[in-house]
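Close look at the chain arrangement
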Amino acid sequence: MSSINSNKHTFIKFETKLVFCINGARVVLNNPDPDITLLQYVRSIGLTGTKLGCAEGGCGACTVLLSSYDSLTQKINHNSVNACLVPLCSVEGKHVITIEGIGNVNKPHPVQERIARMHGSQCGFCTPGIVMSLYALLRNNPNPSLHDIEECFDGNLCRCTGYRPILDAAKSFATTPLKQETGKTANGVKKENSCGRPDCCRLSKDVPCEELPDGFTKPVFKNYEPSQELIFPPSLMKHEKHALSFNGRKTKWFRPITFMQFLQLKNQYPDAKIVSGNTEVGIETAFKNLQYNVRIHVGDLEELKGHKFNDDGLLIGANISLTQFQSILKEACQRYEPYKCQVFQAFLSIIRWFAGTQIRNVATPAGNIITGSPISDFNPIFLCTNSKFTLTSLDKSLNRRVVPATSFWTGYRQNVCKNTEALESVFIPFSGKREFVRSYKQAKRRDDDIAIVNAALRVALDEKNVVKDASFAFGGMSGVTVRALSAEQSIRGKSWGDKGMLSWLIAKIDEQLQLSFSAPGGMASYRKALVSGFVYKFWHDVAKNIGILNEAEIADADSFINIIERDVSRGVQTIGNPEEDKKIVGKAIPHISALKQVTGEAIYTDDTPKIHNELYGALVLSQKAHAKILSINASEALKQHGVKSFFSAKDVPGTNIWGPVVHDEEVFASKEVHFVGQPIGLIVANTQAIAQEAARLVKIEYQELPYVLTIEEAIEQSSFFPVDRRIVRGDVDKAMKQADFVFEGRSRIGGQEHFYLETQTSLIIPKPEDNEIEIHASTQNPSETQHLVASVLGISANKVITKVKRLGGGFGGKETRSLPLTLALAVGAWHLRRPIRCMLNRGEDFMISGQRHPFLGIWKIGLTKEGKFLALDLQLFNNAGWSADLSAAVLERAMTHSDNCYYIPNVRTTGKMCRSNTVSNTAFRGFGGPQGMMVTENIVSEVADRMGMSAETIRELNFYKEGQKTHFNQPLTDWHLPEIYHQVKESSDYNKRKQQINDYNASHRWRKRGLALIPTKFGLSYTALHLNQAGALVHIYQDGSVLVSHGGVEMGQGLHTKMLQIAAEALEVPLDNVHLMETSTTTVANASATAASVSSDINGYAVLNACKTLSERLKPYREKHPKASFKEICNKAYMDRINLSANGFYKTPDIGYNWDTNEGLMFFYFTTGVAATEVEIDVLTGEHQILRTDLCMDIGRSLNYAIDVGQIEGAFVQGVGWCTIEEMLYFPNGHVFTKGPSNYKLPGFRDIPQDFRISTLKDVKYSHLKTIHSSKGIGEPPLFLGSSVFFAIRDAIGHARKSQGIKESFSLISPATPERIRMACQDEICRAATVTKKDGEKAWVVMI
Ligand SMILES: Cc1cc2nc3c(=O)[nH]c(=O)nc-3n(C[C@H](O)[C@H](O)[C@H](O)COP(=O)(O)OP(=O)(O)OC[C@H]3O[C@@H](n4cnc5c(N)ncnc54)[C@H](O)[C@@H]3O)c2cc1C
Ligand code: FES
Ligand code: FES
């Protein structure tokens, strides 16, 4: 126990023990380190089910439940929280429940069971967090509605599933019958098919039952019994609160238990950082490297957590959580007359979109107010409603003072609060009669995103609608929340309904909120347009309320004054009768690891228990885009306690040069750096924190060199790799001359970050003998890892073993770009002869690991007057980044997919790889194919506009016919694409809906809908011939159990599940008999990377071939002993000395394309599909919602429909992200701007189609398909169909433009971000908001 006696005040006694419970077990820690997060702690004690995905509260992978007992109300509060932002020291007296605490594989919690069995887990890395969010909801509300369920995931991301199966599993807990809210069709009632809900419709004979997806076996779940949940530990209820003080390596922590103690501490330590929810401080310390040596935690101070309904408004304690704030506001709205609650409603409408649930459960108004971020969601409302803040201090000169919000903030993140002061409470006054308050927010994504611009607008009118008072506050328009003071003053005395009032107001506010083209934050024109858009909405909202609009105007206003509200989503999967006649292959078996993944038992690389003597590595990264390295000085870093060593280029024992195809990269940059993020060295230390801190201390002196970032700059400076690809068919120039129409254009497509939830991770274990090295890596490419590590260490490959259990997602990003980390760590481990581990943090992963290639297509197309394509002249450029990596193959695939599904008799496609000073871009699901098809579909849309035809007419006229050859001379066989297209067109009611959309758009000025029908064709095979091979090794043991090994890696796509299905069926044993341990280079040598969507095809055949060999060997025994069990058969064979191990091999036949002659088969076959999507856009903000998608794929005879549907939905949603909200941006100095979930937005749960209908083509014959069990590769092909959303948006924008009288076609850059959507609409508001670039001005960020 320690103590302080501060300024004659009470003597505070501090305990130095932290007491809490984890999963029911009591934990007492003596003087824990205040810098440790709850996530670091739980993982360090082996509870590795809780995952690290971002460390910034943006992905939800680390979600745990934090329960606390409120002795005043005698209630237990359950809150889902982001363990990555919760300081361990803040959990005193609380109960932490992690994924391990709620169930296990043998006894899963109903949430875990249902997510696993309803196919809601693919790679499984996000799954524990998602399980815990749903679990938290049920703990607080065992009877949630469908809306509650959709909302509870607003702080979670999943990169694999496309969310639909998770939502379906979660909705089985909803109290609203599914049918009622989803409107699906009814069917029979069967008691035994209950979903597990007490009020399940299947338990009642009278209620029609919700039909499950066609073709799947109906799951029967165990009931959810809230009474069976883990109880709050009674010892914690009685736990006495003490003031706490801990001293860590760098930080001192105080937890006072009274407000007076807090003020004393603040008086004694004026520079101490107050910590409440830690959602801001946690970011500052982890990412901005700010160090606060003394911290005072106020999260447990009851004095700061109360609220009071006063006569004139609401008083809240400064440190209530935002979740509490939300319920208090709701209560206030119930208590008081509506006019008084305008301001509360303004808060409520913004809180919904403030971060995610986990953040709202801990973050506080005080944290938001004191931080004073210019894009704070609350500060505009506080400002414009004359709210007041009470500051308290023991400093007599300050004492207790009330500061109006209007004079609180003084500059960028600055305010009047003095060092010794604390924010005690916040007063929010009622609004008056005829006073209107509204809040607005526009972000890149609606859920869990910070604002681009937000606003709070207030006006008070007299009985004659004359403005008595007004305040207009905006965030995101300057370094601080600003008010349009001059507009506020000059509007007084004017009538709200005056003619020209709205345009006057917009112009007046715009005049004050000017931005330059290069303004920090970028998007100057868009931000100005948003301000005007909000004002436009506000004026109409008020006008409607005061009755100055006519009926038609009211109807119009109703359609745009609010945001686009989303319905509860629903999904339907129509997959025929896949289980009929199926034994094991073809059955919709859940992912073989699903139960392990939902319970947190599945082990990923960083979950491997710490090995004796293990060290941690941290990379030293280039901070310059292009520079000579003048010197490297690690002396300061090496002085730090716990630092073991520093390695750089000179320490590489073998060759420092490597590369997946061309050897043009260095393990550690030796003389020059070529991009920001290039590894220069490696620090090895005892712990992660020490290694990372020391890495920042390594001093590099650079001499900067000129650099190139974008494709346009590369073209201008002829900065290309020496790769020139061409595919030529026919005579393009001649055909152009004969064409009735010739059009030209450019299509620009941005990159995409993989954002696998598990970042790149490696653990290198040097073996004690013979220089052997064991590698555990999160890689799609174990074999290449083995070979390159051997070459870098100067040893032979037979000394290196690579093992991969599973990946937390890969999507191509771990095909080659897992290597820079592994190679660097291998050098360290080699020298130190000690294991070294490293898991890149999310920012490093963005910087180092490469993305999907940005592309530019420059095109010229010739057509007949009917719209038939005659000739295409296409130049494709990709931004390869600084090294070649796989960029040539990506370029080739873009070129071979640039026909999409259309026959063009004369084609000249050329490709160039731009060399830039950015990260080396790499494989990403689709591998260039989507970019090539995107260019084609842009051509179709633009040509249709220019010829005054519909895009569908152009498509239908030009579809390939059976047997026609592609431009790379491959005949199309089993060509069912036109059939799928017409099926989707019909089943989606395309023509009828198109008419309805036309009608809708004609009567809605600021809301537009759009529809698009997009086909895709994707070629299956690696384009490098030698990679089309696979091996397998199958052992049968004497007890009849089977161990399968193959060269493919499990990254969520269900590969191992399919392989086990194939093996079990081939050996005629139950699925439970077969097992797969891991992928290892010792069982299967020289395996190709798991990529190109062919892994099931090629590994499946290899497994099948091995199993056939074994079956042949066992055949005589089976014939001789027809009644014997498999175990007995195997035993008899063993006793006869039969070899019960076999390897299998497969190489894809027939293929082999020659780029020089344009001959030979490029692909073994094609997977095709079509999607029809309808969207709605808010023209005033650029926001969009996907109303409905109908998608059909031809996937052959599926090995496992459930897994394939999962691949389709996941790929589609990833494709939607690629061409809508996912935007990679760079600062002009080459640093990456979008380095994590805070500013790089993946689609979330509420970004998927509200109505999502998936089907697969059935009842067709395949006369040429020679794949395993006639299945088709499905991992990549559906991704491009996400672009149906892009083209539906384009259609909606087209309607908006037409309503403005704009007839010209337009080119929409992908991704169609809210900014691009808004600015493409080109109405008078956009035009007035447009900021022109002045000479010498640079954009704040650029797309490369
Ligand atoms: C993933 C994520 C999403 C977010 N989304 C949004 C969003 O949508 N909109 C938005 O506006 N913001 C958002 N934020 C930022 C948000 O402002 C803060 O997260 C939150 O309000 C801070 O509250 P806190 O209790 O966690 O503050 P802390 O991090 O604990 O503290 C923040 C600051 O407030 C000070 N402080 C706290 N309490 C007091 C007190 N009583 N007296 C004096 N000083 C005090 C601290 O010293 C510190 O300087 C987000 C943050 C994250 C991590
Ligand atoms: S790891 Fe905590 S939210 Fe991503
Ligand atoms: S299953 Fe969700 S991220 Fe992989």
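Residues numbered from 1 in each chain as written. Chains lettered and ligands numbered in written order. Predicted model: local features only at pLDDT ≥ 70, side-chain atom pairs only at ≥ 80, totals over all residues. Heavy atoms only, no water.

Turning our eyes to something else, we now look at the pairing of strand β36 (residues 761-766). Remember that side chains alternate between the two faces of the sheet whenever the strand is regular. By the criterion of burial, β36 is predominantly enclosed, with six of the six residues buried. Both faces of β36 are covered, namely the face carrying T761, L763 and I765 and the face carrying S762, I764 and P766. Judged from the five bridges that link them, β36 and strand β37 (residues 773-777) form a sheet pairing that is antiparallel. Pairing of L763 across the sheet is with H776, part of β37. Between β36 and β37, which pair antiparallel and follow one another directly, the connecting turn spans six residues, one of which, D770, has a positive phi of 55°. (Buried < 20%, exposed > 50% of the residue type's maximum accessible area, 1.4 Å probe, protein only. Helix = DSSP H or I, 4+ residues; strand = E, 2+ residues; numbered from the N terminus. Pairing = 2+ DSSP bridges.)

On to the sheet that holds strand β23 (residues 467-475). Here we have four strands laid out as an open sheet, ordered β21-β22-β23-β24, and antiparallel in their pairing. On the outer flanks of this sheet lie β21 (435-443) and β24 (482-483), each paired with one strand and no other. Taken together, the nine bridges between β21 and strand β22 (residues 451-461) define a ladder with antiparallel strand orientation. Each bridged residue has a counterpart across the sheet, and for V437 the counterpart in β22 is R458.

With that settled, the discussion passes to the packing of helix α29 (residues 951-958) against helix α30 (residues 977-987). At a minimum axis distance of 11 Å, the contact between α29 and α30 shows a crossing angle of 150°. As judged from the angle between their axes, α29 and α30 are roughly antiparallel. With respect to the hand of their crossing, α29 and α30 are arranged in left-handed fashion. Each of E952, R955 and E956 in α29 lies in contact with α30, whose residues at this interface are Y981, H982 and K985. Taken together, the residues of the contact of α29 with α30 break down into one nonpolar, one polar and four charged. (Axes fitted to C-alpha atoms, helices over the stretch in contact; angles between N-to-C directions. Parallel < 35°, antiparallel > 145°, perpendicular 65-115°, else oblique. Left-handed = near helix turned anticlockwise from the far one by under 90°. Contact = heavy atoms within 4.5 Å. Nonpolar A, V, L, I, M, F, W, Y, C, P; charged D, E, K, R; others polar.)

Okay, the pairing of strand β42 (residues 906-915) next. Extensive coverage of β42 is indicated by the burial of eight of its 10 residues. One ladder, built from seven bridges, connects strand β34 (residues 720-729) with β42; its direction is antiparallel. Counted as the bridge partner of R726 is T910 from β42. In this sheet, β42 lies alongside strand β41 (residues 869-881) in parallel orientation, the contact comprising 10 bridges. Directly across from N879, in β42, lies its bridge partner C914. Note on the crossover from β41 through helix α27 (residues 887-896) to β42: the handedness is right-handed. (Right-handed = clockwise from strand over helix to strand, strands pointing away.)

Sequence positions flagged by UniProt for "active site" (unreviewed entry) are, in local numbering, E1276. Residue position: E1276 is located in the loop between β51 (1251-1256) and α36 (1283-1299). In this structure E1276 comes out as buried when scored by relative accessible area, which is 8%. Among all residues touching E1276, those that are not within four sequence positions of it are R925, G926, F927, F1018, A1092 and S1093. Within the structure, the side chain of E1276 is placed 2.7 Å from the side chain of S1093, a separation counted as a polar contact. (UniProt positions renumbered as here; feature names shortened; annotations may be inferred. Polar contact = N/O pair within 3.5 Å; in protein donor to acceptor, adjacent residues only side chain to side chain.)

Before going further, it helps to examine the packing of aromatic side chains. Here the structure, examined in full by the defined rule, presents 47 aromatic pairs. Ring geometry for F389 and F408: centres 4.9 Å apart, planes at 80°, overall edge-to-face. With F389 in strand β16 (residues 388-392) and F408 in the loop between β17 (400-404) and β18 (409-411), this residue pair connects regions lying 19 residues apart in the sequence. When the centroid spacing of 5.7 Å and the interplanar angle of 70° are considered together, the rings of F1163 and F1166 count as edge-to-face. Following the ring pairs from residue to residue traces out a cluster consisting of F325, F347, F354, F378, F382, F389, F408 and W409. (Phe/Tyr/Trp six-rings, centres within 6.5 Å; stacked < 30°, edge-to-face > 60°.)

Glancing now at the UniProt feature "binding site: Mo-molybdopterin" (unreviewed entry) in the protein. With numbering matched to this structure, UniProt assigns "binding site: Mo-molybdopterin" (unreviewed entry) to Q780, F811, R925 and A1092. With the annotated positions falling across 313 residues, the maximum pairwise C-alpha distance of 12.5 Å places them together in a single cluster. Note on placement: F811 falls in the loop between β38 (800-804) and α25 (819-832). For F811, a relative accessible area of 12% gives the class buried. Ignoring sequence-local partners within four residues, the contact set of F811 consists of R159, C160, H754, Y756, Q780, A923, F924, R925, M1051 and Q1214. Classification of R925 by relative accessible area gives buried; the value is 8%. Ignoring any residue separated from it by four or fewer positions in sequence, one finds R925 in contact with F811, R852, P930, Q1207, G1210, A1211, Q1214, G1275, E1276 and L1279.

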